[in-house]
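Letter by letter, the chains look like this.
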Amino acid sequence: MTPRLNPATAAPDAYKAMVALETYIQGSGLEPSLIELVKMRASQINGCAFCLDMHSKDARAHGETEQRLYLLNAWRESPLYTDRERAALGWTEALTLVAQTQAPDHDYAALKQHFSDAEQVKLTLLIGAINTWNRIAIGFRLLHPTAAVAHAKAS
């Protein structure tokens with residue numbers, strides 16, 4: 001896999017806009033651990049190695065356990081996640097796969113039970129942002145740090 005371009009240098013104003021959205025999300029009042037679980041789950045669905053590498057480290061830095069990270073792909077079958085986290089993860093899957101799911105009413109009902117109207121909007125922005133980050137990283141073949149080192153050695 002060869003990187004295609006650096007989006008931050010190719011379109012700095014566009015990249016700054018994404019960073020500004022990320023800054024807003026981080027200060028939105030949503031729990032840091034929830035933010036990282038959502039980013040991890042969307043990145044798992046999208047197959048984004050760059051974001052999985054980054055957000056697994058960020059999640060652990062925010063106190064997330066290895067066990068919960070390992071089981072995230074099977075969150076529906078594990079009792080390790082709270083009802084609020086489950087609602088967020090269901091909404092994450094629904095919106096990340098929106099062409100298939102059409103954001104079903106049962107996922108929205110679970111979301112509405114555990115998140116205020118404002119939090120629903122913030123969570124939805126978070127899901128949209130991580131999906132955009134995934135598309136940037138995958139589309140431009142951004143390499144996570146370990147891969148970047150291996151790529152440099154091979155070049």
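What you see is a predicted model, and the numbers here were worked out from it, not measured in a lab.

Section: the nonpolar core
Side chains of nonpolar character tend, in soluble globular proteins, to be buried together.
Here is step 1 of the chain: Counting 15 residues, the largest nonpolar core has L30, V38, A88, W91, F115, L123 and L126 as the members making the most contacts within it.
Here is step 2 of the chain: In contact with W91, not counting residues within four places along its chain, are A103, D107, Y108, L111, L123, T124 and I127.

Overview of the packing of helix α2 (residues 12-26) against helix α3 (residues 32-46)
When two helices pack together, their arrangement is captured by the angle between the axes and the distance separating the axes.
Here is step 1 of the chain: Where α2 contacts α3, the axes come no closer than 10 Å and their chain directions differ by 135°. Classified by the angle their axes make, α2 and α3 are oblique. For the pair α2 and α3, the contacting residues are E22, I25 and Q26 in the first and I35, E36 and K39 in the second.
Here is step 2 of the chain: When the residues that make up the contact of α2 with α3 are grouped by side-chain class, the tally is 2 nonpolar, 1 polar and 3 charged.

Thoughts on the packing of aromatic side chains
Here is step 1 of the chain: Scanning the entire structure with this criterion turns up 2 aromatic pairs.
Here is step 2 of the chain: A ring pair is formed by Y15 and W133, whose centres lie 5.4 Å apart and whose planes are at 75°; its orientation type is edge-to-face. Taken as a pair, Y15 in helix α2 and W133 in helix α9 (residues 117-139) lie far apart in primary sequence, 118 residues in all.
Here is step 3 of the chain: Between W91 and Y108 the ring centres are 5.7 Å apart and the planes differ by 55°, which places this aromatic pair in the tilted class. Here W91, found in helix α6 (residues 83-96), pairs with Y108, found in helix α8 (residues 105-114); they are 17 residues apart in sequence, far enough to count as distant.
Here is step 4 of the chain: The buried category is assigned to W91, whose relative accessible area is 8%.

Things to note about the UniProt feature "domain: Carboxymuconolactone decarboxylase-like" (unreviewed entry) in the protein chain
Here is step 1 of the chain: Sites flagged by UniProt as "domain: Carboxymuconolactone decarboxylase-like" (unreviewed entry) map to residues 12-94.
Here is step 2 of the chain: In the segment residues 12-94, helix accounts for 73% and strand for 0%; the C-alpha atoms at its two ends are 31 Å apart.

Brief notes about the environment of M1
Here is step 1 of the chain: Inspection of the secondary structure assignment puts M1 in the segment before α1 (7-10).
Here is step 2 of the chain: Sequence separation between M1 and W91 is 90 residues; the distance between their C-alpha atoms is 31 Å.

A short note on α9
Here is step 1 of the chain: With 23 residues, α9 extends 33 Å from end C-alpha to end C-alpha; this agrees with the ideal 33 Å at 1.5 Å per step.
Here is step 2 of the chain: Taken together, the buried positions of α9 are Q120, L123, L126, I127, A129, I130, N131, W133, N134, I136 and A137.
Here is step 3 of the chain: As for α9, its buried residues are in contact with α1, α2, α3, α4 (49-61), α6 and α8.
Here is step 4 of the chain: Looking one or two residues past α9, R141 carries a phi angle of roughly 55°, positive in sign.

What to know about the pattern of salt bridges
Here is step 1 of the chain: Under the definition given, this model contains 9 salt bridges.
Here is step 2 of the chain: Its salt-bridge partner being R84, residue E31 comes within 2.7 Å of it at the nearest N-O pair. Separated by 53 residues along the polypeptide, E31 in the loop between α2 and α3 and R84 in helix α6 bring together distant segments of the chain.
Here is step 3 of the chain: Residues R68 and E64 are paired through a salt bridge, measuring 2.4 Å at the closest nitrogen-oxygen approach.
Here is step 4 of the chain: Looking at E64, the relative accessible area reads 10%, which means it is buried.
Here is step 5 of the chain: One salt-bridge network, held together by shared partners, links E31, R84 and E119.

The rules behind these values
Residues numbered from 1 in each chain as written. Predicted model: local features only at pLDDT ≥ 70, side-chain atom pairs only at ≥ 80, totals over all residues. Heavy atoms only, no water. Core = buried A, V, L, I, M, F, W, Y, C linked by side-chain atoms within 4.5 Å. Buried < 20%, exposed > 50% of the residue type's maximum accessible area, 1.4 Å probe, protein only. Contact = heavy atoms within 4.5 Å. Axes fitted to C-alpha atoms, helices over the stretch in contact; angles between N-to-C directions. Helix = DSSP H or I, 4+ residues; strand = E, 2+ residues; numbered from the N terminus. Parallel < 35°, antiparallel > 145°, perpendicular 65-115°, else oblique. Nonpolar A, V, L, I, M, F, W, Y, C, P; charged D, E, K, R; others polar. Phe/Tyr/Trp six-rings, centres within 6.5 Å; stacked < 30°, edge-to-face > 60°. UniProt positions renumbered as here; feature names shortened; annotations may be inferred. Expected span 1.5 Å × (residues − 1). Salt bridge = Lys/Arg side-chain N within 4 Å of Asp/Glu carboxyl O.

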